[in-house]
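What follows is the residue order along each chain.
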Amino acid sequence: MMTSNPKRPYFVRAMHEWLSDNGFTPYLMVDINTPNLLAPTEYAQDGRLVLAISYQATNNLLIDNDGISFAARFGGVSKDVWIPMQAVLGIYAKEDTEHSLFFDPSEYDNHTPPTPPNNDKPKGGHLKFV
C-alpha cells in the first residue's frame, strides 16, 4: 500500500495564492498545542491563534510541506514564526469568511512532526551577485 503525502500544505499554498490574487487578506488559524510550534502564543484564545499571513504582514514567508515560516511584528517587536503544517486548522479571508478552507484534524494522526528550521542556516536561495 502506498502512503501519500498529506494534502494540507498543497491546499494552504493554493488558498493563500488565490486569496492574495483576489485582494483578500489571508488569515491562518493555528492550534497552539502542536509540538514544535514557534509563535507568539500570548495572543491565542481558546488554544487557537489567528495570524495574518499576507505578504504585507510577513517577511520571508515560506509555505512548504512541513510548515509555514516567516518573520512578523507583534506588539512592535519582530519575531520569527514557525507553524508546523499539522498545527494549521484553516486559512480564510479576513474580509469575508465565506472564502475559507478548514482541515480534518485527524489528517496528521500518524505523522511525525517536523522540528523548527535551524536558524544557523542561511535563508533564501543560493545565488549570489558577482
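Provided above is the structure to which this section pertains.
Cut-offs used in this document
- Residues numbered from 1 in each chain as written.
- Predicted model: local features only at pLDDT ≥ 70, side-chain atom pairs only at ≥ 80, totals over all residues.
- Heavy atoms only, no water.
- Salt bridge = Lys/Arg side-chain N within 4 Å of Asp/Glu carboxyl O.
- Helix = DSSP H or I, 4+ residues; strand = E, 2+ residues; numbered from the N terminus.
- Buried < 20%, exposed > 50% of the residue type's maximum accessible area, 1.4 Å probe, protein only.
- Phe/Tyr/Trp six-rings, centres within 6.5 Å; stacked < 30°, edge-to-face > 60°.
- Lys NZ or Arg CZ within 6 Å of the ring centre and 35° of its normal.
- Pairing = 2+ DSSP bridges.
- Axes fitted to C-alpha atoms, helices over the stretch in contact; angles between N-to-C directions.
- Core = buried A, V, L, I, M, F, W, Y, C linked by side-chain atoms within 4.5 Å.
- Contact = heavy atoms within 4.5 Å.

## A closer look at the pattern of salt bridges
Across all of its chains, the model carries 2 salt bridges by this definition. With a shortest N-O distance of 3.2 Å, Glu107 and Arg8 are connected by a salt bridge. Of this pair, Glu107 sits in the segment after strand 7 (100-102) while Arg8 is found in helix 1 (residues 8-21), placing the two residues 99 residues apart along the sequence. For Arg8, a relative accessible area of 2% corresponds to the buried category. Its salt-bridge partner being Lys79, residue Glu42 comes within 3.1 Å of it at the nearest N-O pair. Taken together, the residues span a long stretch of sequence, with Glu42 in the loop between strand 1 (26-31) and strand 2 (48-52) and Lys79 in strand 5 (residues 77-84) at a distance of 37 residues.

## Quick word on the packing of aromatic side chains
Taken as a whole, this structure holds 4 aromatic pairs when the rule is applied. Consider the rings of Tyr27 and Tyr92, whose centres lie 5.9 Å apart with planes at 65°: the pair is edge-to-face. Of this pair, Tyr27 sits in strand 1 while Tyr92 sits in strand 6 (residues 88-93), placing them 65 residues apart in sequence. Judged on exposure class, the residue Tyr27 and its partner Tyr92 are both buried. Positioned above the aromatic ring of Tyr10, the side-chain terminus of Arg13 is 4.8 Å from the ring centre.

## Considerations on the sheet that holds strand 3 (residues 59-63)
Ordered by their spatial adjacency, 3 strands build an open sheet running 3-4-5, and the pairing between neighbours is antiparallel. Sheet topology places strand 3 and strand 5 at the edges, where each strand pairs with a single neighbour. Averaged over neighbouring strand pairs, the angle between their axes works out to 25° when direction is ignored. The sheet contact formed by strand 4 (residues 67-74) and strand 5 spans 8 bridges and is antiparallel. Opposite Ser69, over in strand 5, you have Trp82 as the bridge partner.

## Points about the nonpolar core
When a protein is soluble and globular, its nonpolar side chains tend to lie buried together. Val12, Val30, Leu51, Ile68, Ile83, Val88 and Ile91 are the most contacted members of the largest nonpolar core, which totals 25 residues. Contributing elements (two or more residues each) for this core: helix 1, strand 1, strand 2, strand 4, strand 5 and strand 6. Here this core takes 4 residues from strand 4, the largest share from any one element. When neighbours within four sequence positions are excluded, Val88 is seen to be in contact with Arg8, Val12, Leu28, Met29, Ile68, Ile83 and Phe103.

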